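This is what each chain is made of:
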Amino acid sequence: MCRGVLAAELEPDAQWKTLAEAGVLGLVIDGSLGDVGVFCVEAGRALCPRVVQSTVYAAMAVDFLGVGSGWLPRLTSGEVRGSCALFNPRDASDVTPRLRGRRDGDRWLLNGVAEFVADADVADVIVTTADAGVVAVDTKTSGVTIEPVPMMGGFAASTVRFDEVVVDEPMPAVDEQLRRVANAIVALDCLDLVGVGEAVIDRTVDYTRMREQFGRPIASFQAAQHLVADMHIALAAARLAAQSAVFWIGRGRAATRETAVARMRAAEVKKITLDAHQLHGGMGYVVDTGLYKFSERARILSTLGGGADVAAKWLEGEMDWKANR
């Protein structure tokens, strides 16, 4: 779906309208988490603008956590855009609130800083946490300051500062609820990476069949065949692990073990993109091929929220917890 929109080279506003009309933004409500996962794969294949997923994730957080319900129909219809700041961008298992909320008479005031908030610069609402609970913050409210952070590949992230921002009364949330939302975002991003890997392998196979060396296609050389086979194996493992995590999260579990495995496997997509550059030779580094865009997306998404090394600690923690029960 997103693939077709981008192929038509629509303007961003036209892309957004088309996806909203197709019901993509409401999948988390009208469909299932698995349906959102199917879209995320196609979003990765097509390098769909990440603000679409940021808005879907915001709608999911509102639905899962029961906060800011008035925003839900506006997010799912495409009337507004959204984002989340619910976990440590360096470690998604860390859902400790970094903002402070305090009551001032009949009002609640929010203070603090949220880092690396995706698409905050275009978001109308940001779902975040404070020590008093979860809040949905209107970014147009006085006291909200958004400072873009330069990142690889033009990935849109910002530092968001909250200075005495008036918000609705926070909705209490336990760590397990927050972990489920954080894990859902990580697992869905793993499926985005799967889509990136699929697109890269398709491009690479086509190129190796077309490109000739020593009078025959380079796809006929065993070394190239082995490398492509390894790419396929790594991608298959990433796909199955991510689908498993999304399946169990969609059934109400936090699924930290499955999410950790999915993150570790999905990190291999970064290597898949590097192998693709190797098989393309010098042509792979030509900007006109667009291959670098997939590499940049893979590098960002395999790092945000914690890379494979961080995910291994989630898995270790889960195994230790179960062993000591």
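Residues numbered from 1 in each chain as written. Predicted model: local features only at pLDDT ≥ 70, side-chain atom pairs only at ≥ 80, totals over all residues. Heavy atoms only, no water.

## Describing the overall build of the protein chain
Rule in force here: Strands here are runs of E lasting at least two residues and helices are runs of H or I lasting at least four, both read from the DSSP assignment and numbered beginning at the N terminus. Under the scheme applied here, a residue whose accessible area is under 20% of the maximum for its type counts as buried, over 50% as exposed, and between as partly exposed, the area being computed with a 1.4 Å probe on protein chains only. Two residues form a contact once any of their heavy atoms are found within 4.5 Å. Here the open area of atoms and residues is found with the Shrake-Rupley method and a 1.4 Å probe, where only the protein chains shown may cover a residue. Here the positive residues are Lys and Arg and the negative ones are Asp and Glu; neither His nor the chain ends is included. Note that the charge is assigned to NZ on lysines, CZ on arginines, CG on aspartates and CD on glutamates.
What the protein chain contains, in helices and strands, is twelve helices and nine strands. If you line up the protein chain on its principal axes, its C-alpha atoms span 80 × 55 × 35 Å. For the protein chain, the proportion of its 325 residues judged to be buried stands at 50%. Sequence-distant contacts in the protein chain: of pairs separated by 6 or more residues, those separated by 24 or more amount to 72%. Taken as a whole, the protein chain presents about 15000 Å² of accessible surface, with 52% of it coming from carbon and sulfur. Measuring between centres, the 34 positive side-chain charges of the protein chain sit 5 Å from its 42 negative side-chain charges.

## Digging into helix α8 (residues 222-250)
As a reminder, the rule being used: Helix span, expected: 1.5 Å multiplied by one less than the number of residues in the helix.
In this model α8 runs 42 Å from its N-terminal to its C-terminal C-alpha over 29 residues, within 8% of the 42 Å that 1.5 Å per residue would give. Residues of α8 that are buried include every one of A224, V228, M231, A234, L235, A238, A241, A242, A245, V246 and I249, and no others. Turning to α8, the residues buried within the fold contact α4 (33-46), α7 (175-210), α9 (256-266) and α10 (268-280).

## Let's talk about the pattern of salt bridges
Which entries qualify depends on this criterion: Only one rule defines a salt bridge in this text: a Lys or Arg side-chain nitrogen within 4 Å of an Asp or Glu carboxyl oxygen.
Within this structure, the stated rule accounts for 17 salt bridges. In this structure, the salt-bridge partner of E258 is R257, at a minimum N-O distance of 3.3 Å. What makes R257 partly exposed here is its relative accessible area of 37%. Residues joined by salt bridges that share partners form a network here, namely R45, E198, D202 and R239.

## Considerations on the side chain of S158
In this fold, S158 is placed in strand β7 (residues 157-167). The class for S158 is buried, based on a relative accessible area of 0%. With near-sequence residues (within four places) excluded, S158 lies in contact with A114, E115, F116, V117, A120, D121, I146, E147, P148 and V149.

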